[in-house]
Amino acid sequence: MLRFSSTRLVFLAAVLLRAVLFCYGAWQDAYTPVRYTDIDYFVFTDAARFVSRGRSPYDRDTYRYTPLLAWLLLPATWSDLWFSWGKAVFAAADIVAGWLMVLVLRSSTGVSEERALKLASVWLLNPMVATISTRGSSEGLLGVMVMALLWAVTQKKIRLAGILLGLAVHFKIYPFIYATSIVWWLDQDRLDGPSSAADKTKTSWSILTFFNPARRTLAITSLSTFTALNLLMFSIYGRPFVQHTYLHHVSRIDHRHNFSPYNTLLYLNSSPSGGSALRLESIAFVPQLFLSTIVIPLVLAKKDLASTLLAQTFTFVAFNKVCTSQYFLWYLVLLPFYIPKSSFIARPKMGICAALSWVLGQACWLQQGYRLEFLGESTFFPGLWLFSILFFLVNVWILGTIVTDVVNM
């Protein structure tokens, strides 16, 4: 049995899990008709190949990411032996994210080393996390950035936090939602200790007191980093960089492997002759952003920052018009910070019910998706539509419990 008192053993087990899946994936790709490697990985490596030839990564159709990712994967273009370089990088990112997670758990929550390792194992030893990274999904890189950002904020390293926030938003847009929570959390009392009642009385009337040095520093460094990276990429790749990295995500109509309730609507609107005049999915961001960037941060951030980031991310993914399995890693990396205070742990039956509902909701959807893609059966209605709604309702229930738990902390 794994000893959680040993940091070395836990991380060794995490590395071995990914090494086994890495080797198994190579075997499956070589000897079975169904590939283990994610289609996105071929997009990444094709883009890197274009870059290695002095061309734009956006010459590869469907490359919708920052050029930084293509640059990072340049070694994968050197030879066939190096093809899986990116998978190794993404798997290593999982491990680094887990290490940062342990640091934050120990420093900000005060748990013991053994307890921190147990909680971090929800990420480090999670087969779903390891599988997604070793298949070639880059989400593990975001896990590192988010964990590093959380560590920097809780350690009050504000300039570093600003740089990491700007980098993360450049790399993938969604971390911008964390800015509201971090800014709201960085009040002067938390930074300098409780103020005297007299000091509070003197300063409470000025709005300028809200813009304390930490908040100003975070805003300046994050915006400067984000702007500098974007100007650099625009100077090299021009308008295609803006179009494919940012603007595409506003109008995207991806419906494959999409658990979102908007799935069927996106499919209908993907047809040139089948789209509706009013594309309802184009305003899907309104409830999504209102909840994840305004309501949840203002209500929860001062209670518990890490759990608030979890609630924000869970909301962003559940309400997004495109919701794929890789996106689940966005909030799974934050789950260990919420677990100790969770009703799902305090009430095991409810926790088991929630976990089963979350898994079965996906399984039912995937069964309908298999019939559609592999058997050629039309399962859009009622199958895929019904199970998309069911999975969304399960997520809303889980989110409601998370928010309630954080409010009561």
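For the protein chain, the name recorded in an unreviewed UniProt entry is GPI mannosyltransferase 1, with Trichoglossum hirsutum as its organism. Quoted verbatim from the Function (unreviewed entry) field of UniProt, the annotation for the protein chain is "Mannosyltransferase involved in glycosylphosphatidylinositol-anchor biosynthesis. Transfers the first alpha-1,4-mannose to GlcN-acyl-PI during GPI precursor assembly. Required for cell wall integrity." Word for word, the UniProt comment on the protein chain under Sequence similarities (unreviewed entry) is "Belongs to the PIGM family."

Asker: Describe the environment of Arg49, with residues and values.
Answerer: Here Arg49 is to be found in helix α2 (residues 39-52). Judged by its relative accessible area of 25%, Arg49 falls in the partly exposed class. The spacing of Arg49 and Trp330 is 281 residues in sequence and 28 Å in space, taken between C-alpha atoms. Separated by 3.0 Å, the side chains of Arg49 and Asp46 make a polar contact.

Asker: Describe the nonpolar core, with residues and values.
Answerer: Among the nonpolar cores identified, the biggest contains 105 residues, and Tyr63, Leu69, Trp123, Met147, Leu150, Tyr178 and Leu334 are the most heavily contacted of them. For this core, the leading source of residues is helix α7 (residues 139-154), giving eleven residues. Met147 has contacts with Ala97, Leu100, Met101, Val104, Val333, Leu334 and Phe337, leaving out every residue within four places of it along the chain.

Asker: Can you explain the environment of Lys172? Please cite residues and give values.
Answerer: When you line up the elements, Lys172 lands in the loop between α8 (158-171) and α9 (178-185). Beyond its immediate chain neighbours, meaning those up to four positions away, Lys172 contacts Tyr65, Glu139, Leu142 and Trp330. Among the polar contacts listed, one links the side chain of Lys172 to the side chain of Glu139, at a separation of 3.0 Å.

Asker: Could you give me a rundown of α7, with the residues and numbers involved?
Answerer: Between its first and last C-alpha, α7 extends 23 Å over 16 residues, near the 22 Å set by a 1.5 Å rise per residue. Positive phi shows up at Lys156, right after α7, with a value of about 60°.

Asker: Tell me about the environment of Trp385, and name the residues and values.
Answerer: Among the secondary structure elements, Trp385 is positioned in helix α21 (residues 380-407). Note: C-alpha distance between Trp385 and Phe259 (126 residues apart in sequence) is 9.2 Å. Ignoring any residue separated from it by four or fewer positions in sequence, one finds Trp385 in contact with Thr264 and Phe380.

Asker: Lay out the side chain of Thr37 with the relevant residues and their values.
Answerer: One can find Thr37 in the loop between α1 (7-31) and α2. Taking relative accessible area as the criterion, Thr37 reaches 5% and is therefore assigned buried. A polar side-chain atom of Thr37 sits 2.4 Å from a polar atom in the side chain of Asp29. Within the structure, Thr37 has its side chain in polar contact with the side chain of Lys87 (distance 2.6 Å). The contact partners of Thr37, leaving out residues within four places of it in the chain, are Asp29, Phe42, Lys87 and Arg135.

Conventions and cut-offs
- Residues numbered from 1 in each chain as written.
- Predicted model: local features only at pLDDT ≥ 70, side-chain atom pairs only at ≥ 80, totals over all residues.
- Heavy atoms only, no water.
- UniProt positions renumbered as here; feature names shortened; annotations may be inferred.
- Helix = DSSP H or I, 4+ residues; strand = E, 2+ residues; numbered from the N terminus.
- Buried < 20%, exposed > 50% of the residue type's maximum accessible area, 1.4 Å probe, protein only.
- Polar contact = N/O pair within 3.5 Å; in protein donor to acceptor, adjacent residues only side chain to side chain.
- Core = buried A, V, L, I, M, F, W, Y, C linked by side-chain atoms within 4.5 Å.
- Contact = heavy atoms within 4.5 Å.
- Expected span 1.5 Å × (residues − 1).

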